[in-house]
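Spelled out, the chains give:
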Amino acid sequence: MKPVEINFDGIVGPSHNYAGLSLGNLAATRHAGDASYPRAAALQGIAKMRHNMALGLAQGFLLPLPRPNAGYLAALGADSTTDPVLTAQAWSASSMWTANAATVSPAGDTADGRCHLTPANLVTMPHRAQEWPDTARQLALAFADRQHFALHDPVPPTFGDEGAANHMRLCEGHDAAGVEVFVYGRTGGAFPARQHEQASRAVARLHGLDPERTVFIEQAPKAIAAGAFHNDVVAVANERVLFTHAEAFADQQGAYDAIRTKFPALEVVEVPADAVSLNEAIATYLFNAQLLTLPTGEMALVVPTECTDNAAVRGWLDSMLASNGPIRRVLPVDVRQSMANGGGPACLRLRVVADPATVDPRFMLNEAKADLLESTIAAHWPEQIDPVDVGGESLAQDVIAARLSLLETLGLAELG
């Protein structure tokens, strides 16, 4: 079978809570202290995966990481006097946003003809910096076939790397050689620019990318300051199409020119600021959508329902469809529990172009396995977590047991 795009979605973990740990993520800080609903969050994620499978697309998944992270707490010497924020970091279920798990370069782009993956170090935020060792363990299992995959260590923590959320790929087809676009930040006012230029350049070298088919672009400081903590909050690409807000890049026209020089077939679908403001785009996660090529060849945009709830965004999407451009369908999905913590449909998935037969089948989804996931989640995931529950021993035991039950169901006990 020829390589296809497989979307690997993160299953929302049983410790999903709203601790507001992510500076610059406006949704997360706005909902800090709210009650969370881990069971509903995980089931919403499974429903999105089913939705995409029903479109005829290949679908995989990655598992929740061990939480609370005992090793992290031990390294801090945590005890009853520990700052509750540090405790909450050890409970974070943020690994569900697998767009930050790694950067992936398909075999068609690399010097050795293998698909390369580099786990993101995520050093800017403490609750995320602890993720990569457990993420790497999963990637090593899922992509263990060294004939087809190469797995690297993260880039040095001196340079912040946030994974595929700051990486785009343009190509004539997913199985063809592509041009890879890395977006980095320099400043974001009061908010940190999380992707370092040198991290992006290091990943490109590690993956053996051709410099003539690689582009580095600066994200607009204005976008970071407005709450676009990753590029995928303001721009997404698929095959020949770059779907972007007009204020996504530090030099918008320069970015288009740089990409077009190396990929002349580029089609830009730009949303003007006077149609959808930067603030509206970030609040609705219009660009944190999955831009997908369907088996029919049509492109579809899988958006959060917040987009169709917003009059300006809905109006622009309607006008886009009426214009007969390259994006022919808009498909809303409900991921409200994730959205409230700052992650839309695109945050929840990592794109890997590969032959599904080369992936460990335990990480590939079908309808029967989706049934198993749903029944396990319904039986074991907490229905609700209140802020005062985080750090409690009773909830910790429930969360640990829930994850272990999922691993056992999937035959992945070695990740326990």
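Residues numbered from 1 in each chain as written. Predicted model: local features only at pLDDT ≥ 70, side-chain atom pairs only at ≥ 80, totals over all residues. Heavy atoms only, no water.

J.: For the overall build of the chain, give the residues involved together with the corresponding values.
T.: Helix and strand counts for the chain come out as 15 helices and 15 strands. Whereas a compact globule of 416 residues would reach a radius of gyration of roughly 22 Å, the chain reaches 20 Å, a difference of no more than 12%. Residue burial in the chain is summarised as follows: out of 416 residues, 58% are buried. Long-range contacts, defined here as pairs at least 24 residues apart, represent 77% of the contacts in the chain between residues at least 6 apart. Summing over all exposed atoms, the chain offers an accessible surface of approximately 15,000 Å²; the carbon and sulfur share of this is 54%. (Helix = DSSP H or I, 4+ residues; strand = E, 2+ residues; numbered from the N terminus. Rg over C-alpha atoms; globule rule 2.2 N^0.38 Å. Buried < 20%, exposed > 50% of the residue type's maximum accessible area, 1.4 Å probe, protein only. Contact = heavy atoms within 4.5 Å. Areas by Shrake-Rupley, 256 points an atom, 1.4 Å probe, with all protein chains shown as cover.)

J.: So what's going on with the packing of helix α2 (residues 38-54) against helix α14 (residues 367-380)? Which residues, and what values?
T.: With their axes 10 Å apart at the nearest point, α2 and α14 run at an angle of 170° to one another. In terms of their interaxial angle, α2 and α14 are classed as roughly antiparallel. Contact residues: α2 offers Arg 39, Ala 42, Leu 43, Ile 46, Arg 50 and Met 53, while α14 offers Glu 367, Ala 370, Asp 371, Leu 373, Glu 374, Ile 377 and Ala 378. (Axes fitted to C-alpha atoms, helices over the stretch in contact; angles between N-to-C directions. Parallel < 35°, antiparallel > 145°, perpendicular 65-115°, else oblique.)

J.: Please give an account of the sheet that holds strand β5 (residues 149-151) that cites residues and values.
T.: Taken in spatial order, the three strands of this open sheet run β3-β4-β5, and their pairing is mixed. Strand pairing shows two members of the sheet lacking a second neighbour, β3 (102-105) and β5, which therefore form its edges. Taking the axes of each pair of neighbouring strands and ignoring which way they run, one obtains an average angle of 15° across the sheet. Across four bridges, the pairing between β3 and strand β4 (residues 115-119) is antiparallel. Paired with Ala 102 across the two strands is Pro 119, which belongs to β4. (Pairing = 2+ DSSP bridges.)

J.: Account for the pattern of salt bridges, naming residues and giving values.
T.: Summed over the entire model, instances satisfying the criterion amount to 20 salt bridges. The partner of Asp 175 in a salt bridge is Lys 2, with the nearest N and O atoms 3.7 Å apart. Residue Asp 175 is found in the loop between β6 (167-171) and β7 (178-184), and its partner Lys 2 is found in the segment before β1 (4-10); the two are separated by 173 residues along the sequence. Between Arg 128 and Glu 131 there is a salt bridge; the shortest N-O distance is 3.0 Å. Among the residues examined, Arg 128 registers a relative accessible area of 5% and is labelled buried. For Glu 131, a relative accessible area of 2% corresponds to the buried category. One continuous salt-bridge network, built from bridges that share partners, spans Arg 50, Glu 367, Asp 371 and Glu 374. (Salt bridge = Lys/Arg side-chain N within 4 Å of Asp/Glu carboxyl O.)

J.: How would you explain the sheet that holds strand β14 (residues 327-333) if you had to name every residue and give the values?
T.: With respect to topology, three strands assemble into an open sheet ordered β12-β13-β14, the strand pairing being mixed. Lying at the two open borders of the sheet, with one neighbouring strand each, are β12 (290-293) and β14. Direction aside, neighbouring strands of the sheet carry axes that sit 25° apart on average. When strand β13 (residues 299-304) meets β14, the two strands line up parallel, connected through six bridges. Opposite Pro 304, over in β14, you have Val 333 as the bridge partner.

J.: Describe unusual backbone geometry, listing the residues and the values that go with them.
T.: A cis amide bond, omega -5°, links Arg 67 with the succeeding residue Pro 68. At Glu 239, a position not held by glycine, the phi torsion is positive, near 45°. Position of Glu 239 relative to the elements: it lies in the loop between β9 (235-238) and β10 (241-245). In the Ramachandran plot, Asn 324 falls in the positive-phi region, its phi being about 65° despite a non-glycine side chain. Residue Asn 324 is classed as exposed on the basis of its relative accessible area, which comes to 59%.

J.: Account for the packing of α14 against helix α15 (residues 393-410), naming residues and giving values.
T.: Two numbers describe how α14 lies on α15: the axes approach to 10 Å, and their chain directions differ by 160°. With respect to each other, α14 and α15 are oriented roughly antiparallel. Relative to α15, α14 is oriented so that their crossing is right-handed. Together, Lys 369, Leu 372, Leu 373, Thr 376 and His 380 of α14 and Ala 402, Ser 405, Leu 406, Thr 409 and Leu 410 of α15 make up the contact between the two elements. Here the contact of α14 with α15 is built from residues that sort into five nonpolar, four polar and one charged. (Left-handed = near helix turned anticlockwise from the far one by under 90°. Nonpolar A, V, L, I, M, F, W, Y, C, P; charged D, E, K, R; others polar.)

J.: Please provide a residue-by-residue account of the environment of Glu 270, values included.
T.: With respect to the helices, strands and loops of the structure, Glu 270 is situated in strand β11 (residues 267-271). You can call Glu 270 partly exposed: its relative accessible area is 34%. In the structure, Glu 270 is positioned 239 residues away from His 31 in sequence and 30 Å away in space, judged by C-alpha atoms. Apart from residues lying up to four places away in sequence, Glu 270 is in contact with Thr 244, His 245, Ala 246, Gln 252, Tyr 256 and Trp 316. Among the polar contacts listed, one links the side chain of Glu 270 to the side chain of Tyr 256, at a separation of 2.5 Å. (Polar contact = N/O pair within 3.5 Å; in protein donor to acceptor, adjacent residues only side chain to side chain.)

J.: Can you explain the UniProt feature "active site" (unreviewed entry) in the chain? Please cite residues and give values.
T.: What UniProt calls "active site" (unreviewed entry) maps, in this numbering, to Glu 162, His 230 and Cys 347. Judged by maximum C-alpha separation, these annotated positions cover 186 residues in sequence but sit close together in space, the widest gap being only 11.4 Å. Of the residues named above, His 230 line the second largest cavity. Residue placement: His 230 occurs in the loop between α8 (221-225) and β9. (UniProt positions renumbered as here; feature names shortened; annotations may be inferred. 1 Å grid on protein atoms, 1.4 Å probe; cavity = no way out; pocket = protein on both sides within 12 Å on 5 of 7 lines; lining within 4 Å.)

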